[in-house]
Amino acid sequence: MTKQTESIMLENTAPILLQCQDMHLAIPGTYDPDREIVRIDSFNPSVKVFDSKQRPRLMKMIGSDGNQYTFILKGHEDLRLDERVMQLFGLINSLLALDNNTARRSLAIERYPVTPLSSKSGLIGFYPNCDSITDVIVEYRMAHNQRKDDEIVMLANISNNWQTLSNLERIESYEHVMEHSSGDDLQQAMWYNSPNAETWLERRTNYTRSMAVMSVVGYILGLGDRHLTNIMMHASNGKVVHIDLGDCFEIAIEREAYPETVPFRLTRMVVLPMEVGSSIEGIFKFTANHTMRVLRSNRDSLMAVLEAFVFDPLVSWQYTQEEETVTPTPSAAGGKRTLSIVESQVFSWKAISRPNGIDNEDWVHPGSRPDNAYSRSFRIRNGSINEKGWQSENPKAKSIFKRIHSKLVGTDFDPNVPLLAVDQVEKLIEQATLPDNLAVMYPGWMPIW
């Protein structure tokens, strides 16, 4: 679990908020026109502060129904794109519920409420009883007196400066670690944490199906930065919950430093818990095929929703920033990064040493994007905005829209040869598991896991 370092009292920091009672506002994320509105009755007087980069707050609201609702208050972060992604997930869940094959298996994306309060702050519904997969692995290793950095030490014995290695040397190092480590920690943790075999089988099935659904959906959306700290797992049912959804539209693939080379995360640590034997060939591939089929058969509905926020200036600054407005960072300006394998991010979150003159905690962040210099100045050329406020002439938005369409018609690999859904999924799995692709990934992404 994420460490909580301190508590602050609302009476000292936000006394007006503490005095708000019996409000007419609905609890964020609970509004349903077909049900009675659950209003905010009061706020818990104590707020927890997480010990992480942005120091988000854990706050609780008491609803008019007597229940307690927990949220994470995040600052210095724009959650508008995350909100739109959750809306898209809601549509996809509706489509999956209307198809007989997917509805029978209860296929759906795990969602949580996202409420932007401004361009730099917002509320995220706290998903209860969840741990990141990284936490699950580390906890298992510590409970069994195992080194939590075995793979890191193996790489350090090969080279303590990952950046100096050629791609061929990285592939050889990657394969060496794969041969000399089991990578079954998550698989074993799921077994040991289950009270009986029946529960374990149910959790394993839920885990595999939810991972397959999000893999396909994430590929269509171009979702990146899927390190294991951004993938949560529900302790009671095994379903996975993806968080930090800001890297959409293949931003991670197009960055200069360490571009992502896989369509979704399908590393060994993720694959082994799925099945006994050939892990991908069973439930995962079956679920992925059906999910892709449903998305492609309903592409008109999906494209209509996607168009609404691909061309929306309120969120498009994240992927259409003008080059001259970006403040140079060490990576953008061509600065060198020195990677210390022993000090890898998974445990100390300090995989990369700061260059001289850089004294910023933002420089090292769990699985962070090496190029994290988005322009927040929101400079949009007047000529590209039509009378409805959409960036109809924005070439980058048009390119993204065209790319998503190609995925939904099966021409993403070859524009002249449309693939069937099953063949498309097969190629994606091949790309996601290819050692040549995984070995050159950003080390903070932990491809060796």
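**Q** Sorry if this is basic, but what is going on with the overall build of the protein chain here?
**A** A tally of helices and strands in the protein chain yields 18 helices and twelve strands. Within the protein chain, buried positions represent 50% of all 449 residues. Sequence-distant contacts in the protein chain: of pairs separated by 6 or more residues, those separated by 24 or more amount to 70%. If you sum the accessible surface of the protein chain, you get close to 21700 Å²; carbon and sulfur atoms cover 50% of it.

**Q** Before we go on, may I ask you to explain the packing of aromatic side chains in this structure?
**A** What characterises a pair of aromatic rings is the spacing of the ring centres plus the angle enclosed by the ring planes. Per the counting criterion, the structure on display carries three aromatic pairs. Ring centres 5.2 Å apart and planes at 85 degrees place the aromatic pair Trp 191 and Trp 200 in the edge-to-face group. Classification of Trp 191 by relative accessible area gives partly exposed; the value is 41%. Lying over the aromatic face of Trp 445, Arg 265 brings its terminal NZ or CZ to 4.1 Å of the ring centre. Of note, Lys 427 hangs over the ring of Phe 413, and the distance from its end group to the ring centre comes to 5.8 Å.

**Q** Is there a simple way to think about helix α7 (residues 167-179) in this case?
**A** Spacing of three or four residues puts side chains on the same side of an α-helix, whose turn is 3.6 residues. Across its 13 residues, α7 extends 18 Å between first and last C-alpha, which sits within 8% of the 18 Å expected from 1.5 Å per residue. Each element contacted by the buried residues of α7 is listed here: α6 (150-158), α11 (268-271) and α18 (435-438).

**Q** Help me out: how do you make sense of unusual backbone geometry in this one?
**A** Only a minority of non-glycine residues have a phi that is not negative, and only a minority of peptide bonds are not trans. Phi is positive for Asp 244, which is not a glycine, with a value near 55 degrees. Structurally, the position occupied by Asp 244 is in the loop between β10 (240-242) and α10 (251-254). For Asp 244, a relative accessible area of 27% translates into the label partly exposed. For Glu 250, which is not glycine, the phi torsion reads 60 degrees and is therefore positive. Looking at the secondary structure, you find Glu 250 in the loop between β10 and α10.

**Q** What exactly am I supposed to notice about the sheet that holds β10 here?
**A** Across a sheet, strands are paired by hydrogen bonds formed along the backbone, either parallel or antiparallel in direction. Read from one edge of the open sheet, three strands run β8-β9-β10, paired in antiparallel fashion. A strand with exactly one partner marks an edge of an open sheet, and here the two such strands are β8 (130-132) and β10. Sheet twist, expressed as the average angle between the axes of neighbouring strands with direction ignored, equals 35 degrees. Here β8 runs beside strand β9 (residues 231-234); their pairing, made up of three bridges, is antiparallel. Across the sheet, the residue bridging to Ser 132 is Met 232, located in β9. Contacts from helix α5 (residues 133-143) reach β8 and β9, with the element oriented near 80 degrees to β8.

**Q** What is the right way to read the pattern of salt bridges from this model?
**A** For side chains of opposite charge, pairing can occur when their charged atoms come near one another. Counted under the stated rule, the structure contains 13 salt bridges. We note a salt bridge from Arg 293 to Asp 99, for which the minimum N-O separation is 2.9 Å. Note that Arg 293 is positioned in helix α12 (residues 280-297) and Asp 99 in the loop between α3 (80-98) and α4 (100-104), a separation of 194 residues in sequence. The class of Asp 99 is buried, set by a relative accessible area of 16%. Of the charged contacts in the structure, one is a salt bridge between Glu 281 and Lys 285, with a shortest N-O distance of 2.8 Å. Of this pair, Glu 281 and Lys 285 both sit in helix α12, four residues apart, which is roughly one turn of the helix. Given the relative accessible area of 49%, Glu 281 is considered partly exposed. A network of salt bridges, in which partner residues are shared, links Arg 141, Glu 151 and Asp 185.

**Q** What am I meant to see in a negative patch on the surface here?
**A** Side chains of Glu 169, Glu 172, Glu 175, Glu 179 and Asp 436 sit close together on the surface and give a patch of like negative charge. The element contributing the most residues to the negative patch is α7, with four residues. Its place among the elements puts Glu 169 in helix α7.

**Q** Sorry if this is basic, but what is going on with the pairing of strand β5 (residues 68-75) here?
**A** Along any regular strand, the residues point their side chains to alternate faces of the sheet. Pairing between strand β4 (residues 57-63) and β5: six bridges, direction antiparallel. Looking across to β5, one finds that Met 61 is bridged to Tyr 69. The hairpin turn running from β4 into β5, its antiparallel successor, is four residues long, and Gly 66 in that turn takes a positive phi close to 90 degrees. Relative to strand β7 (residues 121-125), β5 runs antiparallel, the two being bridged by five bridges. Along β7, the bridge assignment pairs Phe 71 with Gly 125.

**Q** I tried to follow the side chain of Ser 42 on my own but got confused; where do I start?
**A** Position of Ser 42 among the secondary structure elements: in strand β2 (residues 40-43). Among residues more than four places away in sequence, those in contact with Ser 42 are Cys 20, Gln 21, Met 61 and Ile 62.

**Q** When you look at the pairing of β7 in this model, what are you seeing that I'm missing?
**A** Among the five residues in β7, five count as buried, and that is most of the element. Residues Ser 121, Leu 123 and Gly 125 line one face of β7 and the alternating positions Gly 122 and Ile 124 line the opposite face, and both faces are buried. Summarising the sheet, strand β6 (residues 114-118) and β7 pair through four bridges and their orientation is antiparallel. Residue pairing for β7: Pro 116 is matched across the bridge by Gly 122. The hairpin turn running from β6 into β7, its antiparallel successor, is two residues long.

Conventions used here
Residues numbered from 1 in each chain as written. Predicted model: local features only at pLDDT ≥ 70, side-chain atom pairs only at ≥ 80, totals over all residues. Heavy atoms only, no water. Helix = DSSP H or I, 4+ residues; strand = E, 2+ residues; numbered from the N terminus. Buried < 20%, exposed > 50% of the residue type's maximum accessible area, 1.4 Å probe, protein only. Contact = heavy atoms within 4.5 Å. Areas by Shrake-Rupley, 256 points an atom, 1.4 Å probe, with all protein chains shown as cover. Phe/Tyr/Trp six-rings, centres within 6.5 Å; stacked < 30°, edge-to-face > 60°. Lys NZ or Arg CZ within 6 Å of the ring centre and 35° of its normal. Expected span 1.5 Å × (residues − 1). Pairing = 2+ DSSP bridges. Axes fitted to C-alpha atoms, helices over the stretch in contact; angles between N-to-C directions. Salt bridge = Lys/Arg side-chain N within 4 Å of Asp/Glu carboxyl O. Patch = residues over 30% accessible without salt bridge, like charges linked within 9 Å, V, L, I, M, F, W, Y side chains within 5 Å. Lys, Arg positive; Asp, Glu negative; His and termini not counted. Charge placed at Lys NZ, Arg CZ, Asp CG, Glu CD.

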